[in-house]
Amino acid sequence: MVFAPTPLLTVTVDQPTGQPEIHLHPGGQGVWQARMIMSLGGEVVLCTALGGEIGQVLEPLLVSEGVDLKVVVRDSGGSGGYVHDRREGSRQEIVDVPGQPLSRHELDELYNLALGEGLRAPVSVLSGPNDPALVPPDLYRRFAADLGANGGRVVVDLSGEHLTAVLDSGVFFLKVSHEELIRDGRAADDDEEQLSRAMYDMHAAGAESVVVSRADRPALALVDGELFEVEMPRLQAADPRGAGDSMTAGVAAVVAGGGDLRTAIRTGAAAGALNVTRHGLGTGRSDSIAGLVDRVRLVPAGTRPQERTTPDELADRVIER
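Computed from a predicted structure; not experimentally measured.

1. Brief notes about the overall build of the chain
Working step 1: From N to C terminus, the chain includes 11 helices and 14 strands.
Working step 2: Counting all 321 residues of the chain, 52% fall into the buried class.
Working step 3: Sequence-distant contacts, at least 24 apart, represent 67% of the contacts inside the chain between residues at least 6 apart.
Working step 4: Summing over all exposed atoms, the chain offers an accessible surface of approximately 14,300 Å²; the carbon and sulfur share of this is 48%.

Right, dumping it as structure tokens:
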């Protein structure tokens, strides 16, 4: 199950040949993650809320993606979207409309809808809102607690107060970027010691495993109390956006299929690397991703002394709270 509370309508003006083209697609973190999970052969239930004229356009576009779409129709406000101009090669933002916050009634309906689907799924991906003000962090805290307490594995790619909220409940896997850690004050800079300290702190706070992406440097992964660098071949980027979402999706797809976490992280890294070679976010050929997985290595990195928190201890702490 992918929880995508605030999907976007993406409008991109491109000109790969002599004539300009206009491309309309559904987007936003959860949509891009769902798209990559399906590229890897996974089945996805996408739980979302849609409203206004943009919502009316988004619904058939989402259905055409092939997801099992579950929708709460919004009464109080509309969905968001953006327009980008890519005719000169790089993306130029023309307009970005985040949408309007979900009302209390809409939040209750969406929570019940997504919780029911999440309880039936082996893995639930909680994607963040495209603007933090649209969905309150406490909804994520309750989600992580309720799904985890009932045997679900919760995968998140969050930052800020939304990240703090899910850590309070405990999650199976957390992906976050080094820029987000610095922005949130969890790390002073991008020094590996600073980032690894933040990773151990988040592990102790409630994340069973953690991956920190570092732009063009190898990602860091904390698995079973051990810190690794995720090494892989460098590829030329066509569009640098979307690598992190594809990585999260790759991890979720492998874990949902019964794979081990280290293979899942290697697959996620391969999916993220290949995604940036394409112009479509959350896209990639499964055979190409599979061909790259063997070239991804988890290389032990330096760690600082830290008392290891086992999954059972994390579960006990969540129950006590």
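2. Points about the sheet that holds strand E11 (residues 207-214)
Working step 1: Read across the open sheet, the 10 strands follow the order E5-E4-E1-E8-E9-E10-E11-E12-E13-E14; overall the sheet is mixed. The outermost strands of the open sheet, each flanked by one partner alone, are strand E5 (68-73) and strand E14 (297-300).
Working step 2: In the sheet, strand E1 (residues 2-3) pairs with strand E4 (residues 45-50) via two bridges, with the strands oriented parallel. Among the inter-strand pairings, Phe3 is bridged to a residue of E4, identified as Cys47.

3. A short note on the nonpolar core
Working step 1: One finds Ile37, Leu46, Phe173, Val230, Leu261 and Ile265 to be the most contacted residues of the largest nonpolar core, which totals 47 residues.
Working step 2: Among the elements that take part in this core, helix H9 (residues 261-275) stands out by supplying eight residues, more than any other.
Working step 3: Setting aside anything within four residues of it in sequence, one finds Leu46 in contact with Val2, Ala4, Gly30, Val31, Ala34, Leu62, Val67, Asp68, Leu69 and Lys70.
Working step 4: In this structure, Met1, Phe3, Leu102 and Tyr111 belong to the second largest nonpolar core, which totals 44 residues.

4. With respect to the packing of aromatic side chains
Working step 1: As enumerated under the stated definition, the model contains three aromatic pairs in all.
Working step 2: Taken together through their ring pairs, the aromatic side chains of Phe3, Tyr111, Tyr140 and Phe143 make up a single cluster.
Working step 3: Sitting over the ring of Tyr111, Arg142 keeps its end group 4.3 Å from the ring centre.

5. Some points on the environment of Glu208
Working step 1: With respect to the helices, strands and loops of the structure, Glu208 is situated in strand E11.
Working step 2: A sequence separation of 35 residues divides Glu208 from Phe173, and the C-alpha atoms of the two residues are 6.0 Å apart.

6. Digging into empty space enclosed by the protein
Working step 1: In total, this model carries two cavities of 30 Å³ or more according to the counting rule given.
Working step 2: Looking at the second largest cavity, the residues that line it are Pro5, Thr6, Pro7, Ala49, Arg74, Gly78, Ser79, Gly80, Pro98, Gly99, Gln100 and Leu134.
Working step 3: When the residues that make up the lining of the second largest cavity are grouped by side-chain class, the tally is five nonpolar, six polar and one charged.

7. What to know about helix H5 (residues 160-169)
Because each turn of an α-helix spans 3.6 residues, side chains separated by three or four positions end up pointing in the same direction.
Working step 1: Here H5 lies mainly inside the structure; seven of its 10 residues are buried.
Working step 2: All of the buried residues along H5 are Gly160, His162, Leu163, Ala165, Val166, Leu167 and Ser169.
Working step 3: The positive-phi residue at the C-terminal boundary of H5 is Gly170, with phi of around 90°.

8. Here's the deal with the pattern of salt bridges
Working step 1: Applying the stated criterion to the full structure yields 18 salt bridges.
Working step 2: Arg87 is paired through a salt bridge with Asp85; the nearest N and O atoms lie 2.6 Å apart.
Working step 3: The class for Asp85 is buried, based on a relative accessible area of 15%.
Working step 4: We note a salt bridge from Arg141 to Asp138, for which the minimum N-O separation is 2.6 Å. Here the residue Arg141 and the residue Asp138 both occupy positions in helix H4 (residues 137-149), the gap between them amounting to three residues, near one helical turn.
Working step 5: When salt bridges with common partners are traced through the structure, they connect Asp138, Arg141 and Arg142 into a single cluster.

Conventions we followed
- Residues numbered from 1 in each chain as written.
- Predicted model: local features only at pLDDT ≥ 70, side-chain atom pairs only at ≥ 80, totals over all residues.
- Heavy atoms only, no water.
- Helix = DSSP H or I, 4+ residues; strand = E, 2+ residues; numbered from the N terminus.
- Buried < 20%, exposed > 50% of the residue type's maximum accessible area, 1.4 Å probe, protein only.
- Contact = heavy atoms within 4.5 Å.
- Areas by Shrake-Rupley, 256 points an atom, 1.4 Å probe, with all protein chains shown as cover.
- Pairing = 2+ DSSP bridges.
- Core = buried A, V, L, I, M, F, W, Y, C linked by side-chain atoms within 4.5 Å.
- Phe/Tyr/Trp six-rings, centres within 6.5 Å; stacked < 30°, edge-to-face > 60°.
- Lys NZ or Arg CZ within 6 Å of the ring centre and 35° of its normal.
- 1 Å grid on protein atoms, 1.4 Å probe; cavity = no way out; pocket = protein on both sides within 12 Å on 5 of 7 lines; lining within 4 Å.
- Points joined across faces, edges and corners; volume = space filled by probe spheres on them.
- Nonpolar A, V, L, I, M, F, W, Y, C, P; charged D, E, K, R; others polar.
- Salt bridge = Lys/Arg side-chain N within 4 Å of Asp/Glu carboxyl O.

Keep in mind these numbers describe shape, not what the thing actually does.
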